[in-house]
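Descriptive structure summary
As a plain string of letters, each chain reads:
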Amino acid sequence: MATAVTTAPVLAGTPAAREWARRAGALSPVLAVIALLLVPGGGGAQGGTGGTGTVADAASGLLVLVCLVRVLRGGARPLTQTAAVVLGLPVLGVCLAAITSNDPASSLPGVARYVQVFVLVPAAVLLMIRDRRDFAVVAWGLVALALLQGAVGVTQYLTGTGASYQGEDIRAVGTFGATDVMGMATVVAYGLVIVTGIALGSPAGRTRTAALVCAALLVVPLTLSFSRGAWIATVLACGIQLLLGGVRRAARVALAVGALAVVLVCGLGIGSAMVKERVTSITRVTAAPDQSVTDRYTMWAAAGRMWASEPLTGVGLKGFPQYRDSHASVALSAGSDTAGAGAGFRKQPLLSPHNMYLLVLSEQGLIGLLALAGSWLALLVGALRRRRSGADCALVATGLLAWQLIDFFYADIGGPSTVLMSVVFGLAAWWALAPGREGAAEVRGA
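Quick notes on the rules
Every chain's residues receive numbers from 1 upward, in the order its sequence appears when written. A pLDDT threshold of at least 70 governs which residues receive local features in this predicted model, and a stricter bar of 80 or more applies before side-chain atom pairs are shown or counted, although totals over entire chains, interfaces and linings include all residues. Side-chain measures were taken over the full set of non-hydrogen atoms in the model, leaving aside hydrogen atoms and water. Numbering goes from the N terminus for both helices and strands, where a helix is a DSSP run of H or I of at least four residues and a strand is a run of E of at least two. For every residue, the accessible area obtained with a 1.4 Å probe (protein chains only) is divided by the maximum for its type, and the residue is called buried under 20%, exposed over 50%, and partly exposed between those limits. For accessible areas, the Shrake-Rupley method is used with a probe of radius 1.4 Å. Any residue's cover is judged against the shown protein chains and nothing else. We call two N or O atoms a polar contact when they sit within 3.5 Å, provided that within protein one can donate a hydrogen and the other can accept it, with sequence-adjacent residues counted only if both atoms are side-chain atoms. Any carboxyl oxygen of Asp or Glu that lies within 4 Å of a side-chain nitrogen of Lys or Arg is treated as forming a salt bridge with it. Under the convention used throughout, the expected extent of a helix is 1.5 Å for every residue step, that is, one less than its residue count. Pairs were defined over the aromatic rings of Phe, Tyr and Trp, the Trp ring being its six-membered one, requiring ring centres within 6.5 Å. Orientation was assigned from the angle between planes: stacked under 30 degrees, edge-to-face over 60, tilted for the rest. Confidence scores labelled pLDDT are given residue by residue by the predictor and lie between 0 and 100. Any pair of residues with heavy atoms lying within 4.5 Å of one another is described as a contacting pair. Axis geometry follows a simple rule: fit a line to the C-alpha atoms, using only the stretch in contact for helices, then measure angles between N-to-C directions, giving values from 0 to 180 degrees. Roughly parallel here means an angle under 35 degrees, roughly antiparallel means over 145, roughly perpendicular means 65 to 115, and every remaining angle is called oblique. Classification used: nonpolar for Ala, Val, Leu, Ile, Met, Phe, Trp, Tyr, Cys and Pro, charged for Asp, Glu, Lys and Arg, polar for all others including Gly.

Naming follows an unreviewed UniProt entry, where the protein appears as O-antigen ligase family protein of Streptomyces roseolus.

Spelled out as structure tokens, the structure:
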């Protein structure tokens, strides 16, 4: 079996450190996309196919261009036939939905966004990664971003400078602001899933210790994000990783995590009352739902009615906002209230159903959903099939895919963190789709 993903060497100037620096330089277009997500976004999070125009989005375009140049110059291997089919499958539903839309011109930005997020950027990341050490550089880059965003979020909670939550500016949102409250939660959850996979798949030593320390640190900002969807997706994804790593270990880790949660929430009192209320609200979604849950159910129902009107191709890309009012009930509010984190009060319009599957079903129909979900399912199956080639990479890739597919029941694309999702898909796609021998290869001494 290939050796485990390693952490970056501590001592600068050593051969290992120089090798990591060389690899980071080769992967700089990918790392730039990750790093630029620390730059606060100027616009709000637009749901569905809405673009954000952030510097990270611009960097993702540069990443695709650099990758294209490398491919044309012969400096990078082309996609395999399987990879081309799997990553290119979403184009079918997207283009068909745009062509059959009542307003094809307005659907064109949606085509560009879907192709960017689910095809071009993941393919570019896949081509930029050459072996498991490159996989490690990108994975730890994501963890570093999660730690930085988490540190900002915890500071916001402690100083009362976060987004508004129950009348107090304490919600941890990192640099994403009050209009994208899921941004930091998504980034931190990615980091937590990655270090969980590394800790479970690595032998005892520096790598496992570093991963466990990072996991403990990331639990705090994830808790303070008050994001129910991120909590559910993270618990389930990490649970899947634990089960894949062994039932006995899963039981031991579950006990340890439970004890840590008791210490943080009950012992140290970190957000205890509000966290308890937020967790309890998960079980009240049908009995006594709050307005956000009511809005979400109303939009889900509206998306279902849109699909019923155009079952095969949907109402067209970017069509949900246009058809929302004619298909939603009067229970839908005018929008969600946002404030804090350096921004004033504003009404955030509800432009998507906050469920990726229902968004695709309503705008692209059954054909689009089968194409897009089929691509994601193929990646997940590929990652699972190759788990014997390297437990650490397999657990990281499987965990990330599982988290995203679960989170899609509560969220959709939109906001600055969307481009990071495309990097995550690319990272997982490398493990799932790269030629078998290359995926297991390791450069010893790197």
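Next, the rest of the story.
1. Examining the overall build of the protein
When helices and strands are tallied, the protein shows 17 helices and four strands. The buried share of the protein, taken over its 446 residues, is 53%. Approximately 18,300 Å² of the protein is accessible, and the part contributed by carbon and sulfur atoms is 67%.

2. Considering the side chain of T175
Locating T175 in the fold gives a position in the loop between β2 (168-171) and α7 (182-201). Take T175: its relative accessible area is 18%, and that puts it in the buried class. Side-chain polar atoms of T175 contact the side chain of Q149, separated by 2.8 Å.

3. Concerning the environment of L145
Positionally, L145 belongs in helix α6 (residues 132-159). By relative accessible area, L145 is classed as buried at 3%. For L145 and V188, which are 43 residues apart along the polypeptide, the C-alpha to C-alpha distance reads 8.1 Å.

4. Focus: the pattern of salt bridges
Enumeration over the complete set of coordinates arrives at five salt bridges. Of the charged contacts, one joins D57 and R113 as a salt bridge, the two residues approaching to 2.9 Å between their closest N and O atoms. Within this pair, whereas D57 is found in helix α3 (residues 55-72), its partner R113 is found in helix α5 (residues 104-128), the two being separated by 56 residues in sequence. Exposure class is identical for D57 and R113. Each is buried. We note a salt bridge from R130 to D134, for which the minimum N-O separation is 2.7 Å. Relative accessible area serves as the criterion here: at 0%, D134 is assigned to the buried category. A network of salt bridges, in which partner residues are shared, links R23, R130, D131 and D134.

5. Topic: α7
With 20 residues, α7 extends 28 Å between its outermost C-alpha atoms, agreeing within 8% with the 28 Å of an ideal straight helix rising 1.5 Å per residue. Extensive coverage of α7 is indicated by the burial of 19 of its 20 residues.

6. Concerning the packing of aromatic side chains
Summed over all chains, the structure comprises 13 aromatic pairs. Arranged with centres 6.1 Å apart and planes meeting at 75°, the rings of Y357 and W376 form a pair that is edge-to-face. With relative accessibility at 3%, the residue W376 sits in the buried group. Taking 6.1 Å as the distance between ring centres and 85° as the angle between the ring planes, the aromatic pair formed by Y357 and F408 counts as edge-to-face. Residue Y357 is located in helix α14 (residues 356-385), and its partner F408 is located in the loop between α15 (391-407) and α16 (418-433); the two are separated by 51 residues in the primary sequence.

7. Quick look at the confidence of the model for the protein
Averaged over all residues, the pLDDT of the protein equals 82, while 78% of them reach at least 70. Averaged over each element, pLDDT in the protein is lowest for helix α17 (residues 436-440) (46) and highest for α16 (95). Contacts for the low-pLDDT stretch residues 43-51, under 50 throughout, to residues beyond four places or in other chains number 28 contacts.

8. Points about unusual backbone geometry
Backbone geometry places K318, a non-glycine residue, at a positive phi of 65°. Mapping K318 onto the fold places it in the loop between α12 (291-309) and α13 (320-327). Exposure remark for K318: the relative accessible area of 33% places this residue in the partly exposed category. Despite not being glycine, H354 shows a phi value in the positive range, around 55°. For H354, the position within the fold is in the loop between β4 (343-348) and α14.

9. A few points about the packing of helix α2 (residues 28-35) against α3
Viewed as axis vectors pointing N to C, α2 and α3 meet at an angle of 170°, and their least axial separation amounts to 8 Å. For the element pair α2 / α3, the angle class is roughly antiparallel. Across the interface between the two elements, P29, V30 and V33 from α2 touch A56, A59, S60, L63 and V66 from α3. Taken together, the residues of the contact of α2 with α3 sort by class into seven nonpolar, one polar and no charged.

10. Quick notes on helix α8 (residues 206-224)
Here α8 contains 19 residues, and its C-alpha end-to-end distance of 28 Å stays within 8% of the 27 Å for a straight helix at 1.5 Å per residue. Restricting attention to buried positions, one finds in α8 the residues T207, A211, C214, A215, L218, V220, P221, L222, T223 and L224. Positioned one or two residues after α8, F226 has a phi angle of 55°, which is positive.

11. Points about the side chain of D407
Residue placement: D407 occurs in helix α15. Apart from the residues within four sequence positions on either side, D407 is in contact with M182, G229, A230 and A233.

12. Structural notes on the environment of F408
The class of F408 is buried, set by a relative accessible area of 1%. Each C-alpha atom of the pair F408 and G229 lies 9.0 Å from the other, and the pair is 179 residues apart in sequence.

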